[in-house]
Structure formats: C-alpha cells, structure tokens
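Secondary and tertiary structure notes
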Amino acid sequence: MAITRVAMELGMGTSLRAEDYTKAAVRALKDALWHNSLSMADAFGFPRDAMIVDIEIAVQKPDAVDADAVKAVLPYGNGAVKVVKGGLDVPKPDGAGKTIIANAAVLVSFDMERRQVTAIQPEAGR
C-alpha cells in the first residue's frame, strides 16, 4: 500500500486585536476545512477515520501556536500538525499592536493501492 494524496485545501485566519497566534491558526484551519465537504472517504469505501490529514500552519511566531488546539478542530481522520515560520504580522497604524495572519495548508491522503493507468487504444479501422 502507498500513501496517496487525494485533496489539498488552503485557508487563512486572523487575530485582529488579541495578537493570538493559536486563534489565527485555528481560524486558518477552519477556513480551509469549511470550504468544502470532503466525501473522499465514502467515495473510496474507507471509514472517515482512515483519512490521513497533514496540516501545515504558517505564522511569524511558530512557537506561539498550540498545535494540539489546532488539531482538535479536525472532525475526523488522523491528523498531524506542523507549524512553520510564515504568515504575516501587520503593525497597527498607531503602533499599538499588530494583526496576526496565519496560513493553513491541509493535505488529505489515504493508504491505498496504486494502480498504473494505461491509455485506451482506439479501435482499428475507426
């Protein structure tokens, strides 16, 4: 069997006033997840818990994100959270604080057998 990626979703979240990196990260993940209803598990005949969900969060201060709080957002599947440097910290015009912007990439995979696809050959004489 091989891990096969079947979907990727992207999201963005903010903390406008609280300067909370975890809140921004959670909102970014929710933004990515709430864009669609992934029905791949049903389509492939897998239970939903068989989904392998890799989450990458990008913020300016990765150590300030509670990865467990981010992972808790997942409704099902086996999730892993990686937090990296990225996103944006946007200073307020008056210099009193900043707005936090987090980005999320969500990759959904299954452990499934890969099969080689062969091209369909046109019938002779057509």
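Above this note sits the structure.
Please read all numbers here as calculations on a predicted model, not as lab measurements.

Focus on the overall build of the protein chain
- Counting secondary structure elements, the protein chain contains three helices and five strands.
- In sequence order, the secondary structure elements of the protein chain are arranged as β-α-α-β-α-β-β-β.
- Taken across its 126 residues, the protein chain has 31% of its residues classed as buried.
- A separation of at least 24 residues holds for 77% of the contacts in the protein chain among residues at least 6 apart in sequence.

Quick look at the pattern of salt bridges
- Summed over all chains, the structure comprises two salt bridges.
- Ionic pairing is found between Arg 48 and Asp 42, a salt bridge with its closest N-O pair at 3.4 Å.
- Since its relative accessible area comes to 42%, Arg 48 is described here as partly exposed.

Description of the pairing of strand β5 (residues 98-112)
- Pairing between strand β1 (residues 2-15) and β5: 13 bridges, direction antiparallel. Pairing of Thr 4 across the sheet is with Phe 110, part of β5.
- Both strand β2 (residues 52-59) and β5 contribute to a ladder of seven bridges, which runs antiparallel. Paired with Ile 57 across the strands is Ala 104, a residue of β5.
- In this structure, strand β4 (residues 88-91) lies alongside β5, joined through four bridges in antiparallel fashion. Following the sheet pairing, Pro 91 is matched in β5 by Lys 98.
- Here β4 folds back onto β5, and the loop between the two strands holds six residues, one of which, Gly 95, carries a positive phi near 80 degrees.

Notes on helix α1 (residues 21-33)
- Under the 1.5 Å per step criterion, the end-to-end length of α1 is 18 Å for 13 residues, consistent within 8% with the ideal 18 Å.
- Restricting attention to buried positions, one finds in α1 the residues Tyr 21, Thr 22, Ala 24, Ala 25, Val 26, Ala 28, Leu 29, Ala 32 and Leu 33.
- Close packing links the buried residues of α1 with β1, β2, α3 (67-71), β4 and β5.

Quick notes on the environment of Ala 104
- Its place among the elements puts Ala 104 in strand β5.
- The class for Ala 104 is buried, based on a relative accessible area of 4%.
- Between the C-alpha atoms of Ala 104 and Ile 57, which are 47 residues apart in sequence, the distance is 4.6 Å.
- When residues no more than four places from it in sequence are discounted, the contact partners of Ala 104 are Glu 9, Leu 10, Gly 11, Ala 28, Leu 29, Glu 56 and Ile 57.

Definitions and limits used
- Residues numbered from 1 in each chain as written.
- Predicted model: local features only at pLDDT ≥ 70, side-chain atom pairs only at ≥ 80, totals over all residues.
- Heavy atoms only, no water.
- Helix = DSSP H or I, 4+ residues; strand = E, 2+ residues; numbered from the N terminus.
- Buried < 20%, exposed > 50% of the residue type's maximum accessible area, 1.4 Å probe, protein only.
- Contact = heavy atoms within 4.5 Å.
- Salt bridge = Lys/Arg side-chain N within 4 Å of Asp/Glu carboxyl O.
- Pairing = 2+ DSSP bridges.
- Expected span 1.5 Å × (residues − 1).

Taken by themselves, the reported measurements are silent on function.
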